[in-house]
Amino acid sequence: MKPIDIVYLWCDGSDGRFSADKKKYSMQEKVVFDEEVLGEKRFSVNDELKYSLRSLEKNAPWLNHVFIVTDRQCPAWLNRAYEKVTVVDHSQILPPEIIPTFNSLAIEYRMHLIPGLSEKFLYANDDMFFGEKVTPEFFFKEEKPIVRVRRPYTNIKEIASVEQFNELFKSESAWMKTNLHAWRFLYTYYNQKDFYTLHHNIDAYTKSDFAYILDNYTDDLLHTLNNRFRDENIISRAIIGLSSVY
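Colleague: Break down the pattern of salt bridges for me, citing the residues and quoting the values.
Modeller: Under the counting rule described, the total for this entry stands at 12 salt bridges. Measuring nitrogen to oxygen at the nearest pair gives 3.8 Å for the salt bridge that ties Lys2 to Glu143. With a gap of 141 residues between them, Lys2 in the segment before β1 (4-9) and Glu143 in the loop between β5 (140-141) and β6 (144-145) connect regions that are remote in the sequence. Among the residues examined, Lys2 registers a relative accessible area of 53% and is labelled exposed.

Right under this line is the structure:
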């Protein structure tokens, strides 16, 4: 079996330097405050990562290596000498001109640049857990990632036109707008009208799929990749998995 690694993005929003940077750059770049984008709850830490790693060790011990991506931080409780875990600083995968960044999508789109990351890998937030024993086949069918999606609206199964997209876009949250932009991307390049969002769960990917999207659709992703903060023009990483399906 080829190795499968797992990547976590992590930050400690209570850290003084982190908070000062967030305040400094949000004022400098005149970011309009949005609780969903800049609120403290988005960056709070309750040691969820510790328990996610414990669930991993118990229920997915076959995972090859754990990469924790942070900005000049490290969980105080983490044993950095443990050979199965590597802390990756943003400077290893992000261009210096957008560090520090508070836009998780800008980081997610560059996960495949992590040194030593396996071709097949999982991606998890620190508040996601392995609730029961799972096998690699739960995440991959042969060499292909299994993409798990959901419909975000009970009454909208597809968006049939750009006009309908524009009408929906007006009233949605910042997070949902990132998903609507993913729909528009898939509609433009793959004529895909079905509207899905990713489940809030541990997702499977390949580095090749990330590289393909970034190599072929650079112009579409420039804003997402280069913005220090989220805004209504960011594109969800849902396009990585769904473009490989369509």
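Colleague: I'd love a proper account of the layout of surface pockets, names of residues and values included.
Modeller: Approximately 990 Å³ is the volume found for the largest pocket. Arg42, Ser104, Asn125, His200 and Arg230 are, among the 39 residues lining the largest pocket, the residues nearest its centre. Breaking the lining of the largest pocket down by element, the ones donating at least two residues are α2 (35-38), α3 (40-43), α5 (104-108), α7 (174-190) and β8 (197-198). In terms of residues, the lining of the largest pocket owes the most to one element, α5, which gives four residues.

Colleague: Got a sec to walk through the pairing of strand β2 (residues 66-70)? Specific residues and values, please.
Modeller: Among the five residues that make up β2, five are buried, leaving the element largely enclosed by the rest of the structure. Residues of β2 alternate between two faces, with Val66, Ile68 and Thr70 on one and Phe67 and Val69 on the opposite face, all of them buried. As defined by bridge partners, β2 adjoins strand β3 (residues 85-89) across five bridges and the pair is classed as parallel. Counted as the bridge partner of Val66 is Val85 from β3.

Colleague: Tell me what's going on with helix α9 (residues 218-226), and back it up with residues and numbers.
Modeller: Buried residues of α9: Leu221, Thr224 and Leu225, and no others. The buried residues of α9 all sit within an arc of 95 degrees when viewed along its axis, so they share a single face.

Colleague: Summarise the packing of aromatic side chains; cite the residues concerned and give the values.
Modeller: Remark: the centre distance and the inter-plane angle together describe each pair of aromatic rings, the angle taken between the planes. Evaluated as defined, the whole model comprises 15 aromatic pairs. With a centroid separation of 5.3 Å and 80 degrees between ring planes, the pair formed by Phe18 and Phe102 is classed as edge-to-face. On the criterion of sequence distance, the pair formed by Phe18 in helix α1 (residues 16-28) and Phe102 in the loop between β3 and α5 is long-range, its members being 84 residues apart. A single burial state applies to Phe18 and to Phe102, both of which are buried. Here Trp183 and Tyr187 contribute two aromatic rings whose centre-to-centre distance is 4.7 Å and whose plane-to-plane angle is 20 degrees, an arrangement assigned as stacked. Separated by four residues within a single helix, Trp183 and Tyr187 lie in helix α7, roughly one turn from each other. Given the relative accessible area of 2%, Trp183 is considered buried. For Tyr187, a relative accessible area of 21% gives the class partly exposed.

Colleague: Give a description of the sheet that holds β3 that names residues and reports values.
Modeller: Sheet architecture is open: five strands sit in the order β3-β2-β1-β4-β9, paired in mixed fashion. Bordering the open sheet on either side are β3 and β9 (203-206), each of which pairs with just one other strand. For this sheet, the mean inter-axis angle between neighbouring strands, taken without regard to orientation, is 30 degrees. Pairing analysis gives five bridges linking β1 to strand β4 (residues 120-124), with the strands arranged parallel. Each residue of the ladder has a partner; that of Ile6, found in β4, is Leu122. Sheet contacts for helix α4 (residues 48-59): β1 and β2; angle to β1, the most-contacted strand, approximately 165 degrees.

Quick notes on the rules
- Along each chain, residues carry numbers from 1 onward, in the same order as the chain's sequence is written.
- It should be noted that, the model being predicted, local features are given only for residues of pLDDT at least 70 and side-chain atom pairs only at 80 or more, the latter also being counted only at that level, while totals for whole chains, interfaces and linings use all residues.
- Note that the side-chain values use all heavy atoms of the structure and ignore hydrogens as well as water.
- For salt bridges, the criterion is a side-chain nitrogen of Lys or Arg within 4 Å of an Asp or Glu carboxyl oxygen.
- Helix and strand definitions follow DSSP, with helices as H or I runs of at least four residues and strands as E runs of at least two, each counted in order from the N terminus.
- Whether a residue is buried, partly exposed or exposed follows from its accessible area with a 1.4 Å probe, protein chains only, as a fraction of its type maximum: under 20%, in between, or over 50%, in that order.
- Cavity means a closed set of points on a 1 Å grid over the protein atoms alone, one where a 1.4 Å probe fits but cannot get out, pocket means an open set with protein on both sides within 12 Å along at least 5 of 7 lines, and lining means a residue has an atom within 4 Å of a point.
- Grid points are joined across faces, edges and corners, and a volume is the space filled by probe spheres set on the points.
- Here a strand pair is declared whenever DSSP counts at least two bridges between the two strands.
- The arc in question is traced by the directions running from the helix axis to the C-beta atoms.
- A pair of aromatic rings is counted whenever rings of Phe, Tyr or Trp (Trp by its six-membered ring) have centres within 6.5 Å, and the orientation is called stacked for planes under 30 degrees apart, edge-to-face for over 60 and tilted otherwise.
- Convention adopted: a line fitted to C-alpha atoms gives each axis, helices being fitted over their contacting stretch, and angles between N-to-C directions are expressed from 0 to 180 degrees.
- When checking whether two residues touch, look at their non-hydrogen atoms; a contact exists if any pair is within 4.5 Å.

Distances and angles like these do not, on their own, reveal function.
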